[in-house]
Amino acid sequence: PLGVGAEVDVELAVAGAPIALPGVFLFSLPGTVRDAWAAGLYPFALVVALLSGAWPYAKLLLLLVCWWAPASLMPPRRCERLLLALDALGKWALLDFDMMMMMAVAFRLHLGLPAGAGDVAPLDVRVQVTPRFGIYGYLGACLLSLAISNALLALQRRALAAAAAAEAAAQAAAAAAAAQAAAA
């Protein structure tokens, strides 16, 4: 399934005869939250559910608000501050990918009994965590979200600079007109 972030695969060799056990355990976001909750790890389950499940969607909604909300509802300076906060906090979503890769490295095991007569090991066990589409899809979505927040922040800053330049030009023109009127 597409929602599986990784799976634990086991390869056994008993007296040289290979036995493959793919997908012994599957890692997914709902499964992780459910398993943590069932184990009584309530704070961990809530943190995973909020930061990995709800936060990416909330961030995208807030980006949409910054982009589409009128200035009367979301003043430009407040929008810039929100975009700065979203840009800084958005990087925390990459923690899931980092943790999955650390698990893939940490759970890669090779256990074997020494070979006896005939140079065939009586038991050889290999365990590995294999990343699947879910973690790569999540990584792609996180990177795209970070790129969008960076682009929106750059556009917001450009719009603020243009507005400040236009205001300064209008004030200079008004001052010049007032000076010309006073001289006449």
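Note that the coordinates shown come from a computational prediction; the quantities given were computed from them, not determined experimentally.

Caption draft 1: Spatial organisation of unusual backbone geometry. You will see that Ala 15, though not glycine, has its phi angle at about 55°, which is positive. By secondary structure assignment, the location of Ala 15 is in the loop between strand 1 (6-14) and strand 2 (17-27).

Caption draft 2: Just the packing of aromatic side chains, in detail. Under the defined criterion, the tally for this structure stands at two aromatic pairs. On the basis of an interplanar angle of 80° and a centroid distance of 5.0 Å, the ring pair of Phe 25 and Phe 27 is categorised as edge-to-face. Plain terms: the ring middles of Trp 37 and Tyr 42 are 4.5 Å apart, the flat faces sit at 65° to each other, and that makes the pair edge-to-face.

Caption draft 3: Representation of helix 3 (residues 76-90). With 15 residues, helix 3 should reach 21 Å at 1.5 Å per residue; the first-to-last C-alpha distance of 20 Å fits that figure. Here helix 3 has its buried residues at Cys 79, Glu 80, Leu 83, Leu 86, Asp 87 and Gly 90. Buried positions in helix 3, seen along its axis, are confined to an arc of 125° and lie on one side of it. Those residues of helix 3 that are exposed and angled more than 90 degrees off the buried face are Arg 77 and Arg 81. Elements that come into contact with the buried residues of helix 3 comprise helix 2 (42-68) and helix 5 (133-183).

Caption draft 4: Just the pattern of salt bridges, in detail. Evaluated as defined, the whole model comprises six salt bridges. The salt bridge partner of Asp 9 is Arg 132, with a shortest N-O separation of 3.9 Å. Taken together, the positions of Asp 9 in strand 1 and Arg 132 in the loop between strand 4 (123-131) and helix 5 put the pair 123 residues apart, joining distant regions of the chain. A relative accessible area of 32% means that Arg 132 is categorised as partly exposed.

Caption draft 5: Expanded view of helix 2. Taking 1.5 Å of rise per residue, the 27 residues of helix 2 would be expected to cover 39 Å, and the 37 Å separating its terminal C-alpha atoms lies within 8% of that figure. Within helix 2, the axis deviates most sharply at Ala 54, by approximately 45°, and proline Pro 56 lies no more than four positions further along. Burial in helix 2 covers these residues: Ala 45, Val 48, Ser 52, Gly 53, Trp 55, Pro 56, Lys 59, Leu 63 and Cys 66. In this fold, the buried residues of helix 2 make contact with helix 1 (29-38), helix 3, helix 4 (95-106) and helix 5.

How each quantity is defined
Along each chain, residues carry numbers from 1 onward, in the same order as the chain's sequence is written. Totals for whole chains, interfaces and linings use all residues, but because this is a predicted model, local features are given only for residues with pLDDT of at least 70 and pairs of side-chain atoms are given and counted only at 80 or more. Values shown for side chains rest on all heavy atoms present in the structure; no hydrogens or waters enter the calculation. For the purposes of this entry, the term helix denotes a DSSP run of H or I that reaches at least four residues, the term strand denotes a run of E that reaches at least two, and both are numbered from the N terminus. Stacked, tilted and edge-to-face are the three classes assigned to paired rings of Phe, Tyr and Trp, where Trp is represented by its six-membered ring and a pair needs centres within 6.5 Å; plane angles under 30 degrees give stacked, over 60 edge-to-face, the rest tilted. The span one expects for a helix is its residue count, reduced by one, times 1.5 Å. Burial here depends on accessible area, computed with a 1.4 Å probe over protein chains only, as a share of the maximum for the residue type. Under 20% is buried, over 50% is exposed, and the range in between is partly exposed. The arc in question is formed by the directions pointing from the helix axis toward the C-beta atoms. The criterion used for residue contact is that any of the two residues' heavy atoms lie within 4.5 Å. Salt bridge, as used here, is a side-chain nitrogen of Lys or Arg placed within 4 Å of a carboxyl oxygen of Asp or Glu. At any given residue, the bend is defined as the angle formed between two axes, one fitted to the seven residues that end at that position and one fitted to the seven that begin there.

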